[in-house]
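# Structural overview
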Amino acid sequence: MEPKYLESVSRTTLFSSIDIKDIPHVLDCLDHKIMTFRKNAYIVKINDRYSGVYIVLDGEAGVVRESCSGNRVVVNVFNVGDVIGDAFAFCGAEAWPGTIQALTDCVLMTVRPEKILNMCNRTCTFHKIILANMIRVISKKACDLNRKVEYLMLKSIKGKLSKYLLEQKDKKGSLTFKVPLNREKLADFLNISRPSMSRELCSMRDNGIIDFHGDLVRINDEQKLRLLLEE
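These numbers were taken from a predicted model, which means no experiment stands behind them.

Strand order across the open sheet formed by 3 strands is β9-β11-β10, with antiparallel pairing between neighbours. Every interior strand has two partners, whereas the edge strands, β9 (176–178) and β10 (210–213), have only one. Put simply, the sheet's adjacent strands are angled 20 degrees from each other on average, direction ignored. Here β10 runs beside strand β11 (residues 216–219); their pairing, made up of 4 bridges, is antiparallel. The residue bridging Ile 210 from the neighbouring strand is Ile 219, located in β11. Helix α6 (residues 157–172) rests against β9, β10 and β11 of the sheet, and its axis sits at about 100 degrees to β9.

Here we take up the packing of helix α7 (residues 183–190) against helix α8 (residues 194–206). For any two helices packed against each other, the geometry comes down to the angle between their axes and how far apart the axes lie. At a minimum axis distance of 9 Å, the contact between α7 and α8 shows a crossing angle of 100 degrees. With respect to their mutual orientation, α7 and α8 come out roughly perpendicular. Between α7, through Arg 183, Glu 184, Leu 186 and Ala 187, and α8, the contact on the second element is made entirely by Arg 194, Met 197, Ser 198 and Leu 201.

One can find Lys 158 in helix α6. By relative accessible area, which is 18% here, Lys 158 ends up buried. Apart from residues no more than four positions distant in its own chain, Lys 158 is found in contact with Glu 200, Ser 203, Leu 228 and Glu 231.

To continue, consider the nonpolar core. One finds Phe 15, Ile 43, Val 53, Ile 84, Ile 100, Leu 108 and Met 109 to be the most contacted residues of the largest nonpolar core, which totals 38 residues. Those residues in contact with Ile 84 that lie beyond four places of it in its chain are Val 53, Tyr 54, Val 56, Ala 61, Phe 78, Trp 96, Ile 100 and Leu 108. Counting residues in hydrophobic clusters, the runner-up holds 24 residues, among them Ala 187, Ile 192, Ile 209 and Val 217.

What follows is about a nonpolar patch on the surface. On the surface, Leu 145, Val 149 and Met 153 cluster together into a nonpolar patch covering about 320 Å² of accessible area. Counting through the fold element by element, Leu 145 comes out in helix α5 (residues 126–153).

Further remarks concern the sheet that holds strand β3 (residues 53–58). Taken in spatial order, the 4 strands of this open sheet run β1-β8-β3-β6, and their pairing is antiparallel. One side of each edge strand has no neighbouring strand; the edge strands of this open sheet are β1 (33–37) and β6 (83–84). Relative to strand β8 (residues 106–111), β1 runs antiparallel, the two sharing 5 bridges. When the bridges of β8 are listed, Thr 36 appears paired with Val 107. Most of the contacts of helix α1 (residues 3–11) go to β3, to which it runs at about 125 degrees, and overall it touches β3 and β8.

About the criteria used
- For every chain, the first residue of the written sequence is number 1, and numbering continues from 1 along that sequence.
- For this predicted model, a pLDDT threshold of at least 70 governs which residues receive local features, and a threshold of 80 or more governs which side-chain atom pairs are given and counted, while totals over whole chains, interfaces and linings are taken from all residues.
- Note: side-chain values were computed over all heavy atoms of the structure, leaving out hydrogens and water.
- Here, a strand pair is defined by DSSP locating no fewer than two bridges between the strands.
- Only DSSP runs of H or I reaching four residues or more are called helices, and only runs of E reaching two or more are called strands; each is numbered from the N terminus.
- For every element, the axis is a line fit to its C-alpha atoms; helices are fit only across the contacting stretch, and the angle between N-to-C directions ranges from 0 to 180 degrees.
- Note on definitions: a residue-residue contact is assigned when non-hydrogen atoms from the two residues lie within 4.5 Å.
- An angle below 35 degrees is read as roughly parallel, one above 145 as roughly antiparallel, one from 65 to 115 as roughly perpendicular, and any other as oblique.
- Think of it in three bands: with a 1.4 Å probe and only protein chains considered, a residue is buried below 20% of the maximum accessible area for its type, exposed above 50%, and partly exposed in between.
- Side-chain atoms within 4.5 Å are what join buried Ala, Val, Leu, Ile, Met, Phe, Trp, Tyr and Cys residues into a set we call a nonpolar core.
- Within the patch definition used here, like charges are joined within 9 Å and nonpolar side chains (Val, Leu, Ile, Met, Phe, Trp, Tyr) within 5 Å, considering only residues with over 30% relative accessible area and no salt bridge.
- Reported accessibility uses the Shrake-Rupley method at a 1.4 Å probe radius. Residues are deemed covered only where the shown protein chains occlude them.
- Salt bridges are defined as contacts in which a side-chain nitrogen from Lys or Arg sits within 4 Å of a carboxyl oxygen from Asp or Glu.

Here you go:
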């Protein structure tokens, strides 16, 4: 495995607490494969046979939903180090419940579920670590799903934007921060139209609640921003 990809593997929660020099040994046990996808290529389509988890080594991938009219909504975005399809390794799923698409040119590593669930012939100590880390990954996904439900419960675009900006403020520990998603991906994440989102952001700026320049945002009035959650 190329050194740059080995570094990406070491950054994922699945390989947490395993020294980077030991990862090649672990990968031999997992019988992994490296796959490359061009931007907009389908990694898996809904109802495709489930064959294992994917780990993003380079680029971005996302869970997408397509309407009858052909409109695409990105439900979730996966970056370098993220694991895709981990929960299905435990539930015995035979088919993918959603479509995974390359949002950029990307490189992924795939591992068959039985290689994760079953002890290797060498009964290496790292396998127990992998299993424990997999539980952590799935638990985090459950928390993220709860977060998505909270967004769905918000009725207004301003409310969704306010929640997202307040989350970023808490994560960065500052009233000034960079938004990790561009406008298109943020609109997809919040499941709102980009023009409507832009109008609301400008309205919030005109009312002195926030300022923004490119991906840099400053919250000027946190109290008013929190009040928008109730709209």
